[in-house]
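Structure at a glance
Here is how the chains run, residue by residue.
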Amino acid sequence: MAVCEVCGNDYDMSFEVVAAGERHIFDSFECAIHRMAPVCEHCGCTVIGHGVVVEGQFYCCAHCARHEHADAGVADRA
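Below: a short report on this structure. Worth saying up front: this structure is predicted, and the values here are computed from it rather than measured.

1. A word on the side chain of Asp27
Its place among the elements puts Asp27 in the loop between β4 (22-26) and α1 (29-36). No salt bridge forms around the buried Asp27; measuring N to O, its nearest opposite-charge neighbour Arg35 is 11 Å away. Within the structure, Asp27 has its side chain in polar contact with the side chain of Asn9 (distance 2.9 Å). Among the polar contacts made by the side chain of Asp27, one reaches the side chain of Ser28 at a distance of 3.4 Å.

Following this line, the structure appears as structure tokens:
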């Protein structure tokens, strides 16, 4: 068993995620998302989907990206 780095649960079905060369142990996708997902720079929500990146900053959608970067030229639909 391994201990989740977010909630501390010692769980027999925990799993490992390796990202940017760092190893992480979680007991659920909820904990993995809590630790790993970026946060929207405009509204603060957790970016679980593709999101939008403008000048190295993460946004949950084009709407939020445009609020911070009016000239970004991003759209939710192509």
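2. Some details on the pairing of strand β3 (residues 15-19)
Both β3 and β4 contribute to a ladder of five bridges, which runs antiparallel. For Ala19, the partnering residue across the bridge sits in β4 and is Glu22. Hairpin connection from β3 to β4: two residues lie between these consecutive antiparallel strands, with Ala20 at a positive phi of about 50 degrees.

3. Some words on a nonpolar patch on the surface
Taken together, Phe29, Ile33 and Ile48 make up a surface patch of nonpolar side chains, about 340 Å² in accessible area. Tracing the backbone through its elements, the reader meets Ile33 in helix α1. Residue class for Ile33 comes out partly exposed when judged on its relative accessible area of 33%.

4. Remarks on the packing of aromatic side chains
Two numbers describe a pair of aromatic rings. These are the distance of the centres and the angle of the planes. Under the criterion given, the structure shown has two aromatic pairs. Ring centres of Phe15 and Phe26 lie 6.2 Å apart, and the angle between their planes is 50 degrees; on these two criteria the pair is classed as tilted. Here Phe26 lies in strand β4 and Phe15 lies in strand β3, a separation of 11 residues in the sequence. Residue classification places Phe15 among the partly exposed positions, given a relative accessible area of 25%. By relative accessible area, which is 0% here, Phe26 ends up buried. Seen from their ring centres, Phe15 and Phe29 are 5.2 Å apart, and the 40 degrees between their planes marks the pair as tilted. Here Phe15, found in strand β3, pairs with Phe29, found in helix α1; they are 14 residues apart in sequence, far enough to count as distant.

Quick notes on the rules
Residues numbered from 1 in each chain as written. Predicted model: local features only at pLDDT ≥ 70, side-chain atom pairs only at ≥ 80, totals over all residues. Heavy atoms only, no water. Helix = DSSP H or I, 4+ residues; strand = E, 2+ residues; numbered from the N terminus. Buried < 20%, exposed > 50% of the residue type's maximum accessible area, 1.4 Å probe, protein only. Lys, Arg positive; Asp, Glu negative; His and termini not counted. Salt bridge = Lys/Arg side-chain N within 4 Å of Asp/Glu carboxyl O. Polar contact = N/O pair within 3.5 Å; in protein donor to acceptor, adjacent residues only side chain to side chain. Pairing = 2+ DSSP bridges. Patch = residues over 30% accessible without salt bridge, like charges linked within 9 Å, V, L, I, M, F, W, Y side chains within 5 Å. Areas by Shrake-Rupley, 256 points an atom, 1.4 Å probe, with all protein chains shown as cover. Phe/Tyr/Trp six-rings, centres within 6.5 Å; stacked < 30°, edge-to-face > 60°.

These figures capture arrangement, not role.
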